[in-house]
Amino acid sequence: KLPIDQSEWEGYFDESGHLVKSWDFISSNILDRGLDPSVRSEAWKFLTGYYPWSSSRDERLAVEGMRRKSYESLAKMYDKIQPLLETQFRGFSQVCSFINSDLQRLYTRDAQGQTRVDKKQMEKILLLSYVCNMEAEYQQGFREMLLLFHLLAEQEHEIYWLFQFFLQKTEHSCVMNIGVGKNLVMLKALITFMDPTFAKHLEGKGTQVIQSLFPWFCFSFQRVFKSFYDVWRLWEVFLTGKPCRNFQVIVAYTLLQTVRDQILRENMAGDDILMLCGNLIDLDADQLISEACSTYNRLLK
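Here the structure is a predicted model, which is why all the values come from computation and not from measurement.

Thoughts on helix H6 (residues 119–132)
Okay, so step 1: The end-to-end C-alpha distance of H6, which contains 14 residues, comes to 20 Å, matching closely the 20 Å that a straight helix rising 1.5 Å per residue would cover.
Okay, so step 2: In terms of burial, H6 is largely enclosed, as 10 of its 14 residues are buried.
Okay, so step 3: Within the span of H6, buried status applies to Gln121, Met122, Glu123, Ile125, Leu126, Leu127, Leu128, Ser129, Tyr130 and Val131.
Okay, so step 4: Where H6 begins, the capping side chain belongs to Asp118, and its oxygen is found 2.9 Å from the backbone nitrogen of Lys120.

Given below as structure tokens:
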């Protein structure tokens, strides 16, 4: 199925810029077909909550101006309190060091060697994000997430707010100290319910295997794909909430099923299982989403 392209996307709006298609219609089509790169940047503003679904074209222009001013105000506030944070808040300097170290390891050039993103800008956004949402803390996966938003949007305030709204939408699944542990518990329960034989093997041979799969959730499966386009494809499905809440757990179960037979056949234990799971790379998002939807349908039955 071809993704939703520019022509089709524009047909979802009336003359005033109001959406004439329902949320359910659009999200179901995104699940089934995905978004063409030409519409992804705008569509994600609706999916994340950057734009209200009921807004007109003029209202969205006003929202854009408000987002810009809000970001500029936050940046000015940060500049004023940064010296205080450095001297009074012990954890701030440590987070600054973590972010700087992470960004140094981030490859930011394209295939032609051209710089794709500004690391200084990324550092500023990550620090501002941390200061404005300390409950979520800072985790290594954020730098790679932010890179994709940097490539998705042009303006600094757009990158910041899209990243913030994405984290808010997915914190129950990708934020380490909020949702990742819950996902691992659900994944273990799902394996026990759907595949008792496999669950028994994991219990006997690799008691920490499930807990050690937390990078899948922290990075929102970013490292299993062959391209950024595949990551965006899966993430936009997560943003729709289709076909169910906690679809990320179904995706993780589906990934495990691709190596299940080999694990059982070779009687693999913990470290070998983790190595095998870590070698799941260069996957196709459309295929994974389709297989995960099939898994969900079997779960319903």
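Considerations on the domain arrangement of the chain
Buried accessible area, meaning the area lost when the parts come together, often serves as the stated size of an interface.
Okay, so step 1: Taken as a whole, the chain is organised into domain 1 (6–174) and domain 2 (179–300).
Okay, so step 2: If you average the C-alpha positions of domain 1 and of domain 2, the two centres end up 26 Å apart.
Okay, so step 3: When the two sides are added together, the surface that domain 1 and domain 2 hide from each other amounts to roughly 2,500 Å², 64% of it contributed by carbon and sulfur.
Okay, so step 4: Of all residues in domain 1, the largest losses of buried area upon contact with domain 2 belong to Leu31, Leu148 and Ser173, amounting jointly to 26% of the total for that side.
Okay, so step 5: At the boundary of domain 1 and domain 2, one finds three salt bridges.
Okay, so step 6: For Glu236, the salt bridge goes to Arg40, with nearest N and O atoms at 2.9 Å.
Okay, so step 7: On the surface where domain 1 and domain 2 come into contact, there are 10 residue pairs in polar contact (both at pLDDT 80 or more).

Structural notes on the nonpolar core
Okay, so step 1: One finds Trp44, Leu187, Trp216 and Phe221 to be the most contacted residues of the largest nonpolar core, which totals 102 residues.
Okay, so step 2: Of all the elements, helix H13 (residues 247–265) adds the most residues to this core, at 10 residues.
Okay, so step 3: Domain assignment of the residues forming this core places at least three in each of domain 1 (6–174) and domain 2 (179–300).
Okay, so step 4: Ignoring any residue separated from it by four or fewer positions in sequence, one finds Trp44 in contact with Leu35, Phe149, Leu152, Leu162, Phe166, Trp232, Trp235, Glu236 and Leu239.

With respect to the side chain of Arg40
Okay, so step 1: For Arg40, the location among the structural elements is in helix H3 (residues 37–48).
Okay, so step 2: A polar contact is formed between the side chain of Arg40 and the backbone oxygen of Leu35, at a distance of 2.9 Å.
Okay, so step 3: A distance of 2.9 Å separates the side chain of Arg40 from the side chain of Glu236, its partner in a polar contact.
Okay, so step 4: When sequence neighbours within four positions are dropped, the list of residues in contact with Arg40 reads Leu35, Leu152, Tyr229, Trp232, Arg233 and Glu236.

Notes on helix H10 (residues 196–205)
Okay, so step 1: Burial in H10 covers these residues: Phe198, Ala199, His201 and Leu202. The buried residues of H10 all sit within an arc of 160° when viewed along its axis, so they share a single face. Facing away from the buried side of H10 by more than 90 degrees, the exposed set consists of Pro196, Thr197, Lys200 and Gly204.

Procedures and definitions
Residues numbered from 1 in each chain as written. Predicted model: local features only at pLDDT ≥ 70, side-chain atom pairs only at ≥ 80, totals over all residues. Heavy atoms only, no water. Helix = DSSP H or I, 4+ residues; strand = E, 2+ residues; numbered from the N terminus. Expected span 1.5 Å × (residues − 1). Buried < 20%, exposed > 50% of the residue type's maximum accessible area, 1.4 Å probe, protein only. Polar contact = N/O pair within 3.5 Å; in protein donor to acceptor, adjacent residues only side chain to side chain. Domains from an automatic or database assignment. Buried area = accessible area lost by both parts, 1.4 Å probe. Salt bridge = Lys/Arg side-chain N within 4 Å of Asp/Glu carboxyl O. Core = buried A, V, L, I, M, F, W, Y, C linked by side-chain atoms within 4.5 Å. Contact = heavy atoms within 4.5 Å. Arc of directions from axis to C-beta.

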